[in-house]
Amino acid sequence: MKKSTFYLLTDTHYVSPQIWVEGDPINNRERGDQIALKATPEILDAFFEKILQDDEADTVVFTGDNVNNGDRISHEEFRDRLTRLTDAGKHVYVLSATHDYCGAGDDENTFSACRYTATGTEPIPFLRKSELFDFYYDFGPKQAMRVHRESGSYIVRLCEGVRLVMIDDNGNGRSHCGLFADGMAWLKKELIDAKEAGEYVLLAVHHPVLPPWEVFRHMADYELYGGYRELYALMCEENVRVVFTGHTHVQNIRRYADDQGRFFYDVSTIAIANAAGKMRRVAVDADAASCDIQSVGIEQLAGETEGISSFDRLYPLNFPGIVEKMIPIGAADADGFLSLAGSILPVDKLAGHKRIIPPVCRKVQKIKLSSLAKFAGVWKTLSPAQRDTAKQTHLIDFIYTLLRHIYTGNAPYSPDTVENAVCTALAKKADRIVQRFRIEAIQKLIPPGSSLCEMAQDFLYNNRTGDDDAIWIELA
Ligand SMILES: [Fe+2]
Ligand SMILES: [Fe+2]
């Protein structure tokens, strides 16, 4: 068979129910995050059920941050769960990343494994980076055609004609998350070997190769795959068309092309532990030289009996969903607002201004997009239909929608929408102010040659490949 269909899951951030009890420590940890930590077992099980229903899928790939804080109990439970897939005949290939181990003072990884008690946290046993290869040996290295032991990277054959290189980077936690020189030389040799064998190659690595947004590269270059420029050149040179990544928790498909027109795609996948988490379903066909990528989410958590959707159950747990609840509650109840705002806003400072919280929230709820359009100076340029939309649209709903799409991609405000027109005009106005008054705090956020206006487009609509959920890629 020269075909394979595999699922790719990333950033499962599995948290064992054995390492927390109900209380402020775990809840505050979860509220300030964008992943539903406590529900990770039910989320994972729901995704596995989907995979097990798909008879065409032969393989399941994980690209790291398997657990949340490197603790041994969560790793053991996560690994036990993988046998559900292997027992059903699926091949399972696992990478690990920075959340999967704890530093021991000899690297820059600052995660610490802990149990969340009712009143605080206490240390529990963890894995070191050097232990991960053996720990997950049965899920990848054991089936590999070749292994690069120094990094833990390995190569598996998905089907006749297609190889998958699982790059387990030499990340030391922060300042370098990529392969060292020996690993890069190994990768290059393997890509040439595959080419000579007439086989296509897909890459998978935890850290992003292309940034989800330009501002990400500018502000957090160290969060990208270390040595990404070298990898760009290698992928273009050796005609590798796809790299699958995770880490940013952002659903995002971007294309890179060099000055000779050679190109590849970085298919970055949202964390499955996000309320709107998805996995990729990838069908490769060596004869057709094609790689068809789709995305699959879940409707309900495993074991859910109340009929509530997984999104509705999980979204209010983390900060984007909490922000959505805060304004309506704050309009009537300052204390309710403050209790929701814990771990998100400086509650101590706000408590001194409690009286003004309800009127401010009510005011914020009433602002229409039309007011903003007039302020931005674009009202007269809008069509009658756009003006009607602006009069009917509350600013706060527009903000909620943007927040809902930060991690899911595919935000709906393309350049023909009134929301885009207003936001673009506001950003241009802000650009002029920042330049005129040389506001350094903002200037340093803007990548060279870019602008606030340009940066805003990344979040307003899909200015990338048109769809963050699906793409068809020719491998030849
Ligand atoms: Fe992650
Ligand atoms: Fe990560």
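Residues numbered from 1 in each chain as written. Chains lettered and ligands numbered in written order. Predicted model: local features only at pLDDT ≥ 70, side-chain atom pairs only at ≥ 80, totals over all residues.

## A closer look at the domain arrangement of the chain
Each assigned domain of the chain is listed with its residue range as follows: domain 1 (3–308) and domain 2 (323–460). The C-alpha-based centres of domain 1 and domain 2 are spaced at 33 Å. Between domain 1 and domain 2, the residue contacts involve 17 residues of the former and eleven residues of the latter. Considered class by class, the residues forming the side of domain 1 that touches domain 2 number six nonpolar, eight polar and three charged. (Domains from an automatic or database assignment. Contact = placed C-beta atoms within 7 Å. Nonpolar A, V, L, I, M, F, W, Y, C, P; charged D, E, K, R; others polar.)

## Observations concerning the sheet that holds strand E14 (residues 290–297)
Taken in spatial order, the six strands line up as E3-E2-E1-E13-E14-E15 in an open sheet, and their pairing is mixed. Sheet topology places strand E3 (91–95) and strand E15 (471–474) at the edges, where each strand pairs with a single neighbour. Neighbouring strand axes in the sheet, compared pairwise and without regard to direction, differ in orientation by 20° on average. When strand E1 (residues 3–9) meets strand E13 (residues 278–285), the two strands line up antiparallel, connected through six bridges. (Pairing = 2+ DSSP bridges. Helix = DSSP H or I, 4+ residues; strand = E, 2+ residues; numbered from the N terminus. Axes fitted to C-alpha atoms, helices over the stretch in contact; angles between N-to-C directions.)

## A closer look at the nonpolar core
One recurring pattern in soluble globular proteins: nonpolar side chains tend to sit buried together. Counting residues in hydrophobic clusters, the biggest one holds 97 residues, and the most contacted among them are Ile43, Phe47, Leu203, Ala204 and Val242. For Leu203, the residues in contact, after removing those within four places along its chain, are Val165, Ile167, Val240, Val242 and Val243. Grouped together as the second largest cluster of nonpolar side chains are 16 residues, Leu372, Ala376, Val378 and Ala411 included. (Core = buried A, V, L, I, M, F, W, Y, C linked by C-beta atoms within 7 Å. Buried ≥ 20, exposed ≤ 12 C-beta atoms within 10 Å, placed from the backbone.)

## Quick notes on helix H7 (residues 228–237)
For H7, the full list of buried residues reads Tyr228, Leu231, Tyr232 and Met235. All buried residues of H7 fall inside an arc of 105° around its axis, so they share one side. Among the exposed residues of H7, those pointing more than 90 degrees away from its buried face are Arg229 and Ala233. In this structure, the buried side of H7 is in contact with strand E10 (242–245), strand E11 (252–257) and strand E12 (263–268). Positioned one or two residues after H7, Asn239 has a phi angle of 60°, which is positive. (Arc of directions from axis to C-beta.)

## Describing the sheet that holds strand E9 (residues 200–205)
Pairing is mixed in the open sheet, where seven strands are placed in the order E6-E7-E8-E9-E10-E12-E11. Each of the sheet's edge strands pairs with one partner strand only, and the pair in question is strand E6 (146–148) and E11. Ignoring which end each strand starts from, the neighbouring axes of this sheet average 20° apart. Pairing geometry for strand E8 (residues 162–167) and E9, over six bridges, is parallel. Bridge assignment links Ile167 to a residue of E9, and that residue is Val205.

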